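# Structural characterization, general
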Amino acid sequence: MEIIPAIDIIDGKCVRLTQGDYAQKTVYHNEPLEVALSFEAAGITRLHLVDLDGAKAGQVVNWKVLEKIAGQTTLRVDFGGGIKTEEDLKKVVDCGAEWAVIGSLAVKAPDLFSRWIDTYGSKCFFLGADFRNEKIAVGGWLETTETGILDFVDHYQSKGISYMFCTDISKDGKLEGPATALYEKIIKHNPLVSLVASGGVSRLEDLRELKASGCAGVIIGKAIYENRITLDDLQTFLS
């Protein structure tokens, strides 16, 4: 199971939100590159980089942070937040992201996303599915759709997207434990998907349970920044 720390960016700084609420923002570090370098030094090879300014603006904003981290570390980076146009998609790829994270666009503009898959290949994308009560949520989590998580996963897996992460909105940033039972349900339903867990991880036992559930990876944010899980703790999952 791959350990994927998250760096969320607002105003070029490393922050975390609670349940996606910009009013519940905590700044953890002024220099994201230093945070990324500390992950690299600990033996971590992956990074989940989120442009929260971009997500709010509807266009990529913090691409220079991506360029700096991709250029000065060996981390394999996925980048999301505000990728709504092909111009932004190209910018993210050109700045060094191995994967472009697509979320709401896959729900609201499926034809456009399908064209991108055909043009750039499915391996260019890390699909994000935010959900509440097993229904997909979009628009900064303000809007819950009628699309079920299993149908969403099946639809895009049939188009070649097998690498995706799912975030339980009710748990994100609250350190209350991940939605392990639902992840198991998704994996059992569609074993062709490489599913990455996101949201709620607060202790090492959560990681052990997610690994046992069959998750291909786990995104960890607040638990690392608040020392609930240390980089030393993660060594057992990195070997």
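The following refers to the structure shown. (Residues numbered from 1 in each chain as written. Predicted model: local features only at pLDDT ≥ 70, side-chain atom pairs only at ≥ 80, totals over all residues. Heavy atoms only, no water.)

## Quick word on helix α1 (residues 32-41)
All buried positions along α1 are accounted for by P32, L33, V35, A36 and F39. Each buried residue of α1 sits inside an arc of 160° when the element is viewed along its axis, so together they form one side. In the core, the buried residues of α1 are packed alongside β1 (2-10), β2 (13-18), β3 (21-29), β4 (46-51), α3 (63-72) and α10 (222-225). At the N-terminal end of α1, a side-chain oxygen is found 2.9 Å from the backbone nitrogen of L33, two or three residues along, and the residue is E31. (Buried < 20%, exposed > 50% of the residue type's maximum accessible area, 1.4 Å probe, protein only. Helix = DSSP H or I, 4+ residues; strand = E, 2+ residues; numbered from the N terminus. Arc of directions from axis to C-beta. Contact = heavy atoms within 4.5 Å. Polar contact = N/O pair within 3.5 Å; in protein donor to acceptor, adjacent residues only side chain to side chain.)

## So, the nonpolar core
Counting 66 residues, the largest nonpolar core has I7, F113, F125 and I149 as the members making the most contacts within it. Looking at this core element by element, the count peaks at five residues for helix α7 (residues 149-157). Once residues within four sequence positions are removed from consideration, I149 is found in contact with A129, F131, E134, I136, C166, L182 and I186. Of all hydrophobic cores here, the second largest spans nine residues; its members include W99, Y163, F165 and I219. (Core = buried A, V, L, I, M, F, W, Y, C linked by side-chain atoms within 4.5 Å.)

## What about the pairing of strand β8 (residues 135-138)?
Sheet topology places strand β7 (residues 125-132) next to β8; two bridges connect them, and they run antiparallel. Paired with F131 across the strands is I136, a residue of β8. Taken together, the three bridges between β8 and strand β9 (residues 143-148) define a ladder with antiparallel strand orientation. Paired with A137 across the strands is T144, a residue of β9. (Pairing = 2+ DSSP bridges.)

## Details of unusual backbone geometry
Backbone geometry at D11 places phi at a positive 55°, although glycine is not the residue there. Note on placement: D11 falls in the loop between β1 and β2. With a phi angle near 65°, E134 is a residue other than glycine that sits in the positive phi range. Relative to the elements of secondary structure, E134 occurs in the loop between β7 and β8. The partly exposed category is assigned to E134, whose relative accessible area is 32%.

## Notes on the packing of aromatic side chains
For the structure shown, the criterion picks out seven aromatic pairs. Pairing W99 with Y163 gives two aromatic rings, centres 5.5 Å apart and planes at 55°, and the pair type is tilted. With W99 in strand β6 (residues 99-102) and Y163 in strand β10 (residues 163-168), the pair connects residues that are 64 residues apart, well separated along the chain. Relative accessible area serves as the criterion here: at 8%, W99 is assigned to the buried category. (Phe/Tyr/Trp six-rings, centres within 6.5 Å; stacked < 30°, edge-to-face > 60°.)

## Focus on helix α8 (residues 180-189)
Those residues of α8 that sit buried are T180, L182, Y183, I186 and I187. Along α8, the residues classed as buried sweep out an arc of 160° about the axis, all on the same side. Structural note: α8 exposes A181 and K188 on the side pointing more than 90 degrees away from its buried face.

## Section: the packing of α8 against helix α9 (residues 204-213)
A pair of packed helices is characterised by two quantities: the angle between their axes and the separation of those axes. One can describe the packing of α8 onto α9 by two numbers: an axis separation of 9 Å at closest approach and a directional angle of 15°. What the angle tells us is that α8 and α9 run roughly parallel. Crossing handedness for the pair α8 and α9: right-handed. Judged by residue contacts, T180, Y183, E184 and I187 of α8 engage E209, L210 and S213 from α9. (Axes fitted to C-alpha atoms, helices over the stretch in contact; angles between N-to-C directions. Parallel < 35°, antiparallel > 145°, perpendicular 65-115°, else oblique. Left-handed = near helix turned anticlockwise from the far one by under 90°.)

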